[in-house]
Amino acid sequence: MTVATIPEYDHSNVAMVGEHAVVVGGSMAGLVAARVLADAFERVTVIERDAFPDEPRPRRGVPQGNHVHALLEAGRDTLEDLFPGYSDDLVSAGAMDIDLSTDFNFYDEGDFVASGSHHVSMYCATRPLIEYVTWRRLAAIDGVALRDECHLTEYLMDDTGTTVVGVTVRDETGTTEEVEADLVVDCTGRTSSTPEWLADHGYRRPPRDEVEIDLVYSTILVERPPTDMRAFHVMPCPPRARSTVTLPIEDDRWVVTLSGLHGDHPPADLDGMLEFAKSLPVDAVARIIEDHEIVSDGVEQYPFPANLRRRYWELERFPDGLVVLGDTIASFNPIYGQGMSVAALEGLQLHHALAAGGRDDLAVRFFNRVESVVDNAWNVSVGSDFRFEETTGPKPPGTDILNRYLSRMTRKAHDDGTLADAYSRVVTMEEPPTSLLRPSIVWRVVKPSLTT
Ligand SMILES: Cc1cc2nc3c(=O)[nH]c(=O)nc-3n(C[C@H](O)[C@H](O)[C@H](O)COP(=O)(O)OP(=O)(O)OC[C@H]3O[C@@H](n4cnc5c(N)ncnc54)[C@H](O)[C@@H]3O)c2cc1C
């Protein structure tokens, strides 16, 4: 499901269903979950192990925050519904509002795709700024509190062993405390300990899929002339495993992230970064690095070994009083920029699951709603990763046929703005991948042309 296929947020559909909800993890998924829960619980407490910064700054618990983060339209649109005026807040805080159809240069299958007629704003900022603006909006809601420098150590169970009734936390002084809650939402990310905890308490672990890609990101910040809004996304395309996402961000800078799959990794030094950028089929990014001052201290690196999906919706039994959301369920090859938007759409599904029945069987209703959100994003990223024969793991059925179709479509989109629009709406999670199989689109892809 995408933003076009999930009903809109409507707070009037949700009744108060409990006194206290706890969200563990104060990153993007946790902030969205807490926003939705604030409609249904008198109090919501966000528990975060990091000290929460009082200005936009990278933090230890979100190491990916040093790297490029694109906020796709599905995520922006959902955040706008949850926090009216959110996009303006981002821009006031310094984010760049670029036009996806003109400023964003998307290169795949040997050329740039054509400019579409579909004007879509894309708000470009550092990840710490996006999180900071979201946190500021959440903190302004009555009943929401943050306990930072506070670590989840254990869920609390009732005597029957079927219901989570709170959490045990440890603060920065080492003191532990039990915090009661009617609902606990695990948003601790990819390294969540919920699967092991379930196994230790007589439940099944969620089935797990891993698709290995051996990806590494290297990132620098570069000075940017204030009026230069150019953004570049060069996709990896076999046999070239190298790519870049380069975006204009706040404070007159570009964030330049270079990445490489399957061992062809970008180096961690500036000279090596420049050489790597020069090897890309688009010379603009190397020129950005060469012609402008580097303003970051050094090169930040981040390894991302595999796409990871935990199929919680397949569990027959799951404790009451507990839900998991965000990267805890699935994390995707970041070059497709989906994670924050998937978290936002999952938050929207949590809202609808609460509206449909309150706390009773909430996890079952939520996981059923979340499956297609996760699977859409999974099929886009994993499907594309399987263009490389070195990619290993469970391949979604039909991937090879779909990849041949998408390859032809992308080549046609070099000259066809309608196809470029259609593709862009799928990549930004506004429309489901099946929208690319509408007869009007299929005809444009398969009709013979002089060049394909
Ligand atoms: C290199 C990279 C680039 C990315 N680029 C993009 C992009 O362009 N666009 C996009 O939308 N997404 C991107 N993503 C994905 C995005 O960062 C995540 O999907 C998004 O942050 C949502 O994650 P989350 O909140 O579920 O988990 P996380 O961001 O991992 O946050 C987990 C939080 O839980 C806290 N925590 C963990 N354990 C405990 C504990 N025991 N007690 C208390 N707190 C705890 C952590 O400190 C942290 O704050 C990227 C990811 C990576 C790795």
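Since this is a predicted model, take the numbers as computed values, not measurements.

Draft legend 1. The arrangement of the sheet that holds strand 11 (residues 176–180) in detail. With antiparallel pairing, the 3 strands of this open sheet are ordered in space as 9-10-11. Looking at strand neighbours, the two that pair on one side only are strand 9 (150–157) and strand 11, the edges of this open sheet. Averaged over all pairs of adjacent strands, the angle between strand axes in this sheet comes to 30°, irrespective of strand direction. As defined by bridge partners, strand 9 adjoins strand 10 (residues 164–171) across 7 bridges and the pair is classed as antiparallel. Along strand 10, the bridge assignment pairs Tyr155 with Val167.

Draft legend 2. Just the domain arrangement of the chain, in detail. Taken as a whole, the chain is organised into domain 1 (11–97 + 127–209 + 308–384), domain 2 (98–120 + 210–305) and domain 3 (396–446). With centres defined by C-alpha atoms, the gap from domain 1 to domain 3 works out at 31 Å. Summing the contributions of domain 1 and of domain 3, the shared interface buries around 850 Å²; its carbon and sulfur component is 73%. In this assembly, domain 1 and domain 3 are joined by 0 salt bridges. One can count 2 residue pairs in polar contact (both at pLDDT 80 or more) joining domain 1 with domain 3. At 7 residues, the largest contribution of residues to the side of domain 1 that touches domain 3 is made by helix 9 (residues 362–385).

Draft legend 3. Broad picture of the pairing of strand 14 (residues 231–234). Alternating positions in strand 14 separate into two faces, Ala231 and His233 on one and Phe232 and Val234 on the other, with burial throughout. In this sheet, strand 14 lies alongside strand 5 (residues 104–108) in parallel orientation, the contact comprising 4 bridges. What sits directly across from Phe106, in strand 14, is His233. Of the strand pairs in this sheet, strand 14 and strand 15 (residues 242–249) are connected by 3 bridges, and their pairing is antiparallel. Bridge pairing in strand 15 places Val234 opposite Thr244.

Draft legend 4. Inspection of the sheet that holds strand 13 (residues 208–223) at higher detail. As summarised here, the arrangement of the 8 strands in space is 6-5-14-15-16-13-17-19, forming an open sheet in which the pairing is mixed. Lying at the two open borders of the sheet, with one neighbouring strand each, are strand 6 (111–112) and strand 19 (330–331). Where strand 13 meets strand 16 (residues 253–260), 8 bridges bridge the pair, whose relative direction is antiparallel. Within strand 16, the residue paired with Glu223 across the bridge is Arg253. Strand contacts of helix 6 (residues 270–278): strand 13, strand 15 and strand 16, with the helix running at about 75° to strand 16, the strand carrying the most contacts. Its contacts with the sheet put helix 7 (residues 284–291) on strand 13, strand 14, strand 15 and strand 16, and the angle it makes with strand 16 is roughly 125°.

Thresholds, definitions, all that
Residues numbered from 1 in each chain as written. Predicted model: local features only at pLDDT ≥ 70, side-chain atom pairs only at ≥ 80, totals over all residues. Heavy atoms only, no water. Pairing = 2+ DSSP bridges. Helix = DSSP H or I, 4+ residues; strand = E, 2+ residues; numbered from the N terminus. Axes fitted to C-alpha atoms, helices over the stretch in contact; angles between N-to-C directions. Domains from an automatic or database assignment. Buried area = accessible area lost by both parts, 1.4 Å probe. Salt bridge = Lys/Arg side-chain N within 4 Å of Asp/Glu carboxyl O. Polar contact = N/O pair within 3.5 Å; in protein donor to acceptor, adjacent residues only side chain to side chain. Buried < 20%, exposed > 50% of the residue type's maximum accessible area, 1.4 Å probe, protein only. Contact = heavy atoms within 4.5 Å.

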